[in-house]
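Notes for the structure review
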Amino acid sequence: MNRVIGIDFGLSKVGIAISDPSGIISMPLETIRYKNQKDLIERLKKIALEKNVKTLVVGYPLNMNYKENSMTEIIDKFKVVMESNNFEIHLEDERLSSQYAKKIMIQQDIKTGKNKEMVDVLSASIILQTYLDRKK
């Protein structure tokens, strides 16, 4: 298995995680702040090229009752755009990933309010690890 990038998608920033080369372990990578979709896509393409990645796992924000919402519509459109840029896209249920990331930070005595970008990259890592575990 090649490396895979995990994405916790937000409207102004995106948490990014990456798998190890064997596709077993997810590691937080960075948070991308962006102004528009074109900027985001270019930055994702650059990271993917540097890391030799063609597969993205994008957090899919379903409601707790499994229903789609306005954010899932945005992710659906983002998926189509990224597929047109030759990426293989997988959607992964991201419900509670941010809460779990905050819980991990609290356990490590890291303030969550002042470290929102860390919440984003940890959420991306949780989303990616869930995908990787399921693929085993």
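Below is a summary of the structure that appears in this document. Remember, it's a predicted structure, so these values are computed and weren't measured experimentally.

Things to note about the side chain of Lys13
Relative to the elements of secondary structure, Lys13 occurs in strand S2 (residues 13-19). When near neighbours in sequence (up to four residues on either side) are disregarded, Lys13 contacts Asp8, Thr31, Ile32, Arg33, Tyr34, Lys116, Glu117 and Asp120.

Looking at the environment of Arg43
Inspection of the secondary structure assignment puts Arg43 in helix H1 (residues 37-51). Here the alpha-carbon distance between Arg43 and Arg33, two residues 10 residues apart in the chain, equals 9.8 Å. If near-sequence neighbours (up to four positions away) are discounted, Arg43 is found in contact with Ile32 and Arg33.

Notes on the nonpolar core
Grouped together as the largest cluster of nonpolar side chains are 24 residues, with contacts concentrated most on Ile5, Ile7 and Phe9. Where this core is concerned, the elements lending two or more residues are strand S1 (4-8), S2, H1, strand S4 (55-60) and helix H2 (70-84). Sorting elements by how many residues they give to this core places H1 first, with five residues. Core analysis: the second largest hydrophobic core is formed by eight residues, Val57, Ile127, Leu128 and Tyr131 among them.

Procedures and definitions
Residues numbered from 1 in each chain as written. Predicted model: local features only at pLDDT ≥ 70, side-chain atom pairs only at ≥ 80, totals over all residues. Heavy atoms only, no water. Helix = DSSP H or I, 4+ residues; strand = E, 2+ residues; numbered from the N terminus. Contact = heavy atoms within 4.5 Å. Core = buried A, V, L, I, M, F, W, Y, C linked by side-chain atoms within 4.5 Å. Buried < 20%, exposed > 50% of the residue type's maximum accessible area, 1.4 Å probe, protein only.

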